[in-house]
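Read off the chains here:
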Amino acid sequence: MTGVDFRIGLTAGFINFLGYQFQTWGLKSTTPSNNAFLTAIYVVMIPFIVWVLFHRRPELKSYVAILIAMVGMMFLTNVLQHGFTLHIGDLLTIISAFFLRVTNRLF
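Residues numbered from 1 in each chain as written. Predicted model: local features only at pLDDT ≥ 70, side-chain atom pairs only at ≥ 80, totals over all residues. Heavy atoms only, no water.

Spanning 26 residues, helix α1 (residues 3-28) covers 37 Å between terminal C-alpha atoms, matching the ideal 38 Å at 1.5 Å per step. Those residues of α1 lying buried are Ala12, Ile15, Leu18, Gly19, Phe22, Gln23 and Gly26. (Helix = DSSP H or I, 4+ residues; strand = E, 2+ residues; numbered from the N terminus. Expected span 1.5 Å × (residues − 1). Buried < 20%, exposed > 50% of the residue type's maximum accessible area, 1.4 Å probe, protein only.)

What follows concerns the environment of Phe99. Here Phe99 lies in helix α6 (residues 88-106). C-alpha of Phe99 to C-alpha of Leu18: the two residues are 81 residues apart in sequence and 6.5 Å apart in space. With sequence-adjacent residues up to four places away left out, Phe99 is seen in contact with Ile15, Leu18, Gly19 and Phe22. (Contact = heavy atoms within 4.5 Å.)

Below, the discussion takes up the nonpolar core. Counting 15 residues, the largest nonpolar core has Phe22, Ile41, Val44, Met45 and Phe99 as the members making the most contacts within it. At the level of elements, α1, α3 (42-54), α4 (60-76) and α6 are the ones that each hand at least two residues to this core. No other element matches α6, which puts 4 residues into this core. Those residues in contact with Phe22 that sit more than four places away from it in its chain are Leu92, Thr93, Ile95, Ser96 and Phe99. (Core = buried A, V, L, I, M, F, W, Y, C linked by side-chain atoms within 4.5 Å.)

To continue, consider the packing of aromatic side chains. Under the definition given, this model contains 6 aromatic pairs. Ring geometry for Phe98 against Phe99: centres 5.8 Å apart, planes inclined by 65°, an arrangement best described as edge-to-face. Ring-pair connections join several aromatic residues into one group, and the members of that group are Phe22, Trp25, Phe98 and Phe99. (Phe/Tyr/Trp six-rings, centres within 6.5 Å; stacked < 30°, edge-to-face > 60°.)

With that out of the way, let us pick up the packing of α1 against helix α2 (residues 32-39). With their axes 9 Å apart at the nearest point, α1 and α2 run at an angle of 150° to one another. Relative to α2, α1 is oriented roughly antiparallel. Crossing geometry of α1 relative to α2 is assigned as right-handed. Here Gln23, Gly26 and Leu27 of α1 come into contact with α2, specifically with Pro32, Asn35 and Thr39. Considered class by class, the residues forming the contact of α1 with α2 number 2 nonpolar, 4 polar and no charged. (Axes fitted to C-alpha atoms, helices over the stretch in contact; angles between N-to-C directions. Parallel < 35°, antiparallel > 145°, perpendicular 65-115°, else oblique. Left-handed = near helix turned anticlockwise from the far one by under 90°. Nonpolar A, V, L, I, M, F, W, Y, C, P; charged D, E, K, R; others polar.)

Right, let's talk about the confidence of the model for the protein for a bit. Note: predicted coordinates in regions of low pLDDT should not be interpreted at a detailed level. Taken over all residues, the pLDDT of the protein has a mean of 82, while the share at 70 or more is 89%. Across the protein, element-level confidence peaks in α1 with a mean pLDDT of 91 and bottoms out in helix α5 (residues 79-82) with 66. (pLDDT = per-residue confidence, 0-100.)

The next subject is the layout of surface pockets. Counted as a void, the largest pocket has a volume near 160 Å³. As for the largest pocket, its lining consists of Ile46, Pro47, Val50, Arg56, Arg57, Pro58, Glu59 and Ser62. Along the lines of polarity and charge, the residues of the lining of the largest pocket split into 4 nonpolar, 1 polar and 3 charged. (1 Å grid on protein atoms, 1.4 Å probe; cavity = no way out; pocket = protein on both sides within 12 Å on 5 of 7 lines; lining within 4 Å. Points joined across faces, edges and corners; volume = space filled by probe spheres on them.)

Take a look at the structure:
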């Protein structure tokens, strides 16, 4: 193992750790179903991560998929009944989804 291999592994491990840590913290303050759905939202983050990192604009169908996922999240988190409020657990879960997606995409 070279020093470069070690640094790449350490970086990937640390980003992955952050993803799981934020998800665990989020799970303390939200329901398991919200946590699972919001963790899966990393799928719709992919086009934006690619846009930021590689300057490739998302296709039109990506926007449609993102809209469908956001509407699903609105129903799941009862935004229509309680107004647009995310609990701290929901926010931490979204942050964890970002870290988990970055780890899966980059490494």
